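Chain and residue survey
Each chain is listed here by its residues.
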Amino acid sequence: YDNGANGGGNYCTLNPLKTGSGITLSQGNLLGTSSGNVWKNTQSTIGMNSGKWYVEFGPGLNQDSNNNICAPSVCLSTHAETSYPNVSGSTNLWYNGALDMNGSQTSSWASTYGMSEVLGCALDADTGEVWWSIDGVWQGSGNPATGANPAGTLTNTNNESFVFAAALHASG
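Residues numbered from 1 in each chain as written. Predicted model: local features only at pLDDT ≥ 70, side-chain atom pairs only at ≥ 80, totals over all residues. Heavy atoms only, no water.

**Examining the overall build of the protein chain**
- A tally of helices and strands in the protein chain yields zero helices and 14 strands.
- What you see in the protein chain, going N to C, is helices and strands ordered as β-β-β-β-β-β-β-β-β-β-β-β-β-β.
- Accessible surface computed for the protein chain: about 8,300 Å², of which carbon and sulfur atoms make up 47%. (Helix = DSSP H or I, 4+ residues; strand = E, 2+ residues; numbered from the N terminus. Areas by Shrake-Rupley, 256 points an atom, 1.4 Å probe, with all protein chains shown as cover.)

**Points about the pairing of strand 10 (residues 119-124)**
- Most of strand 10 is tucked away: six of the six residues are buried.
- Pairing of strand 5 (residues 52-57) with strand 10, which is carried by six bridges, proceeds in the antiparallel orientation. Residue pairing for strand 10: Glu56 is matched across the bridge by Gly120.
- Of the strand pairs in this sheet, strand 10 and strand 11 (residues 129-134) are connected by six bridges, and their pairing is antiparallel. Within the sheet, the bridge partner assigned to Ala122 lies in strand 11 and is Trp131.
- In textbook terms, the turn of a hairpin is the stretch between consecutive antiparallel strands, and for strand 10 and strand 11 this stretch comprises four residues, one of which, Gly128, has a positive phi near 85°. (Buried < 20%, exposed > 50% of the residue type's maximum accessible area, 1.4 Å probe, protein only. Pairing = 2+ DSSP bridges.)

**Here's the deal with the side chain of Glu117**
- Turning to its location among the elements, Glu117 is positioned in the loop between strand 9 (104-106) and strand 10.
- Within the buried set, Glu117 has no salt-bridge partner at all; the shortest N-O distance to an opposite charge, 27 Å, is to Lys40.
- Among the polar contacts made by the side chain of Glu117, one reaches the main-chain amide nitrogen of Gly114 at a distance of 2.6 Å. (Lys, Arg positive; Asp, Glu negative; His and termini not counted. Salt bridge = Lys/Arg side-chain N within 4 Å of Asp/Glu carboxyl O. Polar contact = N/O pair within 3.5 Å; in protein donor to acceptor, adjacent residues only side chain to side chain.)

**Focus on the side chain of Ser44**
- Relative to the helices and strands, Ser44 resides in strand 4 (residues 39-44).
- Residue Ser44 is classed as buried on the basis of its relative accessible area, which comes to 6%.
- A distance of 3.2 Å separates the side chain of Ser44 from the backbone oxygen of Ile46, its partner in a polar contact.
- Every residue in contact with Ser44, bar those within four places of it in the chain, is listed here: Cys12, Thr13, Leu14, Asn15, Val163 and Phe164. (Contact = heavy atoms within 4.5 Å.)

**Considerations on the nonpolar core**
- With 21 residues, the main nonpolar core has Leu93, Cys121, Leu123, Trp132, Phe162 and Phe164 as its most contacted residues.
- If you list the elements that add at least two residues to this core, you get strand 5, strand 6 (69-76), strand 8 (99-101), strand 10, strand 11 and strand 14 (162-169).
- Not counting chain neighbours up to four residues away, the residues in contact with Leu93 comprise Ala71, Pro72, Ala98, Leu99, Trp109, Ala110, Tyr113, Leu119, Trp132 and Ile134. (Core = buried A, V, L, I, M, F, W, Y, C linked by side-chain atoms within 4.5 Å.)

**A short note on the pairing of strand 11**
- Where burial is concerned, most of strand 11 is hidden: five out of the six residues are buried.
- Sheet topology places strand 11 next to strand 13 (residues 152-153); two bridges connect them, and they run antiparallel. In the sheet register, Val130 faces strand 13, and the bridge partner there is Gly152.
- In the sheet, strand 11 pairs with strand 12 (residues 137-138) via two bridges, with the strands oriented antiparallel. Residue pairing across strands places Ser133 opposite Trp138, the latter belonging to strand 12.
- Between strand 11 and strand 12, which pair antiparallel in sequence order, lie two residues; one of them, Asp135, sits at a positive phi of approximately 50°.

**Quick word on unusual backbone geometry**
- A positive phi angle, close to 65°, is found at Asn29, a residue other than glycine.
- For Asn29, the location among the structural elements is in the loop between strand 2 (23-26) and strand 3 (31-34).
- The partly exposed category is assigned to Asn29, whose relative accessible area is 24%.
- Of note in this structure, Asn149 is not a glycine but carries a positive phi near 50°.
- Its location among the elements puts Asn149 in the loop between strand 12 and strand 13.
- The exposure class of Asn149 is partly exposed, given its relative accessible area of 43%.

What follows is the structure, given as structure tokens:
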């Protein structure tokens, strides 16, 4: 929300109340780092029940020199912070181009990405359709402006809120 007051309004950040143990948030809750050899996630402060939404992740995603990994995600707000979202109602786009959607993975769905790329994710919360972009290029011939070729449709049988999330893993 922007009320026209030089950028004043409400902005989404990572939610310290929906962050797995071992994840440290910094830079105004815009950066999450993980410790320990286990998957955790941190979710956004704003849930989405309806409308069209967009978020950007990065740069700084992918495996770094210490084998730490961040996977941008969308999941249901009830997803536990103790794992990465790879179940019904969730999607992740991996650095190797693999796409997780509702618990199933499609390898080589997208281009691979490194530490310098910015990933975009568009969500239509009314339909559950999701699109992914890398450096502004929509993957899978998708186009959220026209509704063409979504990466998939998230399952949401209980009409829960969606949240953007980051799945994090540290090498230990």
